[in-house]
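# Tertiary structure, described
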Amino acid sequence: MIKMTEEMQNAAYALKELSASDPAVLSNMIRHTAAYGRMLRGRGDNARRAGEPQILSGFALSEGEDRLFGKLVRHSATDLLYLEFDVDDAAAPALALHLFSKEADNVRHYANCRLWSPTNGGRALVVPVGAEHVFHFVFQSEEPLKPVIGSLPGNPEAGFRRADTRVARLLSSADLCDVHRTGFVSRLHNEGQDIFGRTTRAFG
């Protein structure tokens, strides 16, 4: 692994800022965040209720950003789903889904997750792909994601395909065409053990 110099880190940060300043990128990320939220919560609104997981979008996480999200989840006691986009093509579909899950006093980072949809169109499950043990996460209203040990309640690949199809349908729906106008951009940083954030409207 190549160790990032300060100059390389600054260049990577500048590229992310440039990409995130593109209205088409912001719109795409916000619509994806809303679509994944609806898949997970099984509701037609975009409001997050107390205890429900946060869903954020951004670019590939550096080691420092990975730790920052872990601290955020630990302090808030709220699970976090993170949609990762390609910084060079961020108006395209998301590349990956991360889960930061609070487990007792620790936070586990599952870097390779997928949504799985049941045949009845109900709430999607979050599946860590390639995990050491077979398990998935279930969402129950106004509660943290609940890990369930054991196989999925149906064919894995078919459920992944259903989820992908339903996300694509939501992204192109009239219901989400203007959702980006209500979205926000958050910039987080830490100073020692303290986490600070600045949130602004994506489209003023």
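Not measured: the values here are computed from a predicted model.

Once that is clear, we can look at the overall build of the chain. Looking only at helices and strands, the chain features 4 helices and 9 strands. Put simply, the chain runs from its N terminus to its C terminus through helices and strands in the order α-α-β-α-β-β-β-β-β-β-α-β-β. Expressed as a percentage of contacts within the chain between residues at least 6 apart in sequence, the contacts between residues at least 24 apart total 54%. Carbon together with sulfur atoms contributes 52% to the accessible area of the chain, which is approximately 11600 Å² in total.

This part takes up the layout of surface pockets. As a volume, the second largest pocket reaches approximately 350 Å³. Looking at the lining of the second largest pocket, the elements with two or more residues in it are helix 2 (23-41), strand 3 (96-103), strand 4 (106-116) and helix 4 (156-171). The greatest single-element share of the lining of the second largest pocket, amounting to 5 residues, is contributed by helix 4.

Once that is clear, we can look at the nonpolar core. If you look at the biggest cluster of nonpolar residues, it comprises 35 residues, and the most contacted ones within it are Leu99, Leu115 and Val126. Among the elements that line this core, the one with the most residues is helix 2, at 9 residues. Apart from residues lying up to four places away in sequence, Val126 is in contact with Leu40, Leu81, Leu99, Cys113, Arg114, Leu115, His136 and Phe137. Formed by 7 residues, the second largest nonpolar core is a distinct cluster that contains Phe69, Tyr82, Phe100 and Val107.

Quick look at helix 4 now. Working note: α-helix, 3.6 residues per turn, so residues spaced by three or four point in the same direction. The terminal C-alpha atoms of helix 4 lie 23 Å apart, and with 16 residues this matches the ideal 22 Å at 1.5 Å per residue to within 8%. Listed in full, the buried residues belonging to helix 4 are Ala158, Gly159, Phe160, Ala163, Arg166, Val167 and Leu171. The N-terminus of helix 4 is capped by Asn155, whose side-chain oxygen sits 3.1 Å from the backbone nitrogen of Glu157.

With that out of the way, let us pick up the side chain of Thr33. Along the chain, Thr33 falls in helix 2. Within the local environment of Thr33, its side chain forms a polar contact with the side chain of Ser57, the two groups lying 2.7 Å apart.

Geometry of an aromatic ring pair is reported as the spacing of the ring centres plus the angle between the planes. Applying the stated rule across the entire model yields 5 aromatic pairs. Ring centres of Phe135 and Phe137 lie 5.7 Å apart, and the angle between their planes is 70 degrees; this geometry places the pair in the edge-to-face category. In this structure Phe135 comes out as buried when scored by relative accessible area, which is 11%. Aromatic ring contacts, followed pair by pair, group Phe69, Tyr82 and Phe100 into a single cluster. A cation over an aromatic ring shows up here: Arg162 above the ring of Trp116, its NZ or CZ 5.5 Å from the ring centre.

Pairing of strand 3 with strand 4 involves 6 bridges; the strand directions are antiparallel. When the bridges of strand 4 are listed, Phe100 appears paired with His109. Hairpin connection between strand 3 and strand 4: a loop of 2 residues separates the two successive antiparallel strands, and Ala104 in this loop has a positive phi of roughly 60 degrees. Pairing of strand 4 with strand 5 (residues 125-128), which is carried by 4 bridges, proceeds in the antiparallel orientation. Bridging across to strand 5, Leu115 finds its partner in Val126.

The rules we used
- All chains use their own residue numbering, which begins from 1 and follows the written sequence.
- Given that this is a predicted model, residues contribute local features only at a pLDDT of at least 70 and side-chain atom pairs are listed and counted only at 80 or more, while totals for whole chains, interfaces and linings are drawn from all residues.
- Only hydrogens and water are set aside; all other atoms, that is, all heavy atoms of the structure, feed into the side-chain values.
- Counting from the N terminus, the helices are DSSP H or I runs at least four residues long and the strands are E runs at least two residues long.
- Any two residues having at least one pair of non-hydrogen atoms within 4.5 Å are treated as being in contact.
- Using a 1.4 Å probe, accessible areas were evaluated by the Shrake-Rupley method; residue-level cover was limited to the displayed protein chains.
- The method works on a 1 Å grid over the protein atoms by themselves. A cavity is a set of points holding a 1.4 Å probe that cannot get out, a pocket is an open set with protein on both sides within 12 Å along at least five of seven lines, and residues with an atom within 4 Å of a point line them.
- Grid points are joined across faces, edges and corners, and a volume is the space filled by probe spheres set on the points.
- Throughout, nonpolar core names a set of buried Ala, Val, Leu, Ile, Met, Phe, Trp, Tyr and Cys residues whose side chains join them through atoms within 4.5 Å.
- Each residue is assigned to one of three classes by its accessible area relative to the maximum for its type, calculated with a 1.4 Å probe on protein chains only: buried under 20%, partly exposed between the two thresholds, exposed over 50%.
- Each helix should span, by expectation, one fewer than its residue count multiplied by 1.5 Å.
- Two N or O atoms form a polar contact when they lie within 3.5 Å of each other; inside protein one atom must be a possible hydrogen donor and the other a possible acceptor, and for residues adjacent in sequence the pair counts only when both atoms belong to side chains.
- Aromatic contacts are taken between Phe, Tyr and Trp rings whose centres are within 6.5 Å, Trp giving its six-membered ring; a plane angle under 30 degrees counts as stacked, one over 60 as edge-to-face, and the others as tilted.
- Working rule: Lys NZ or Arg CZ, within 6 Å of ring centre, within 35 degrees of ring normal, means a charge sits over the ring.
- At least two bridges found by DSSP between two strands is the condition for calling them paired.

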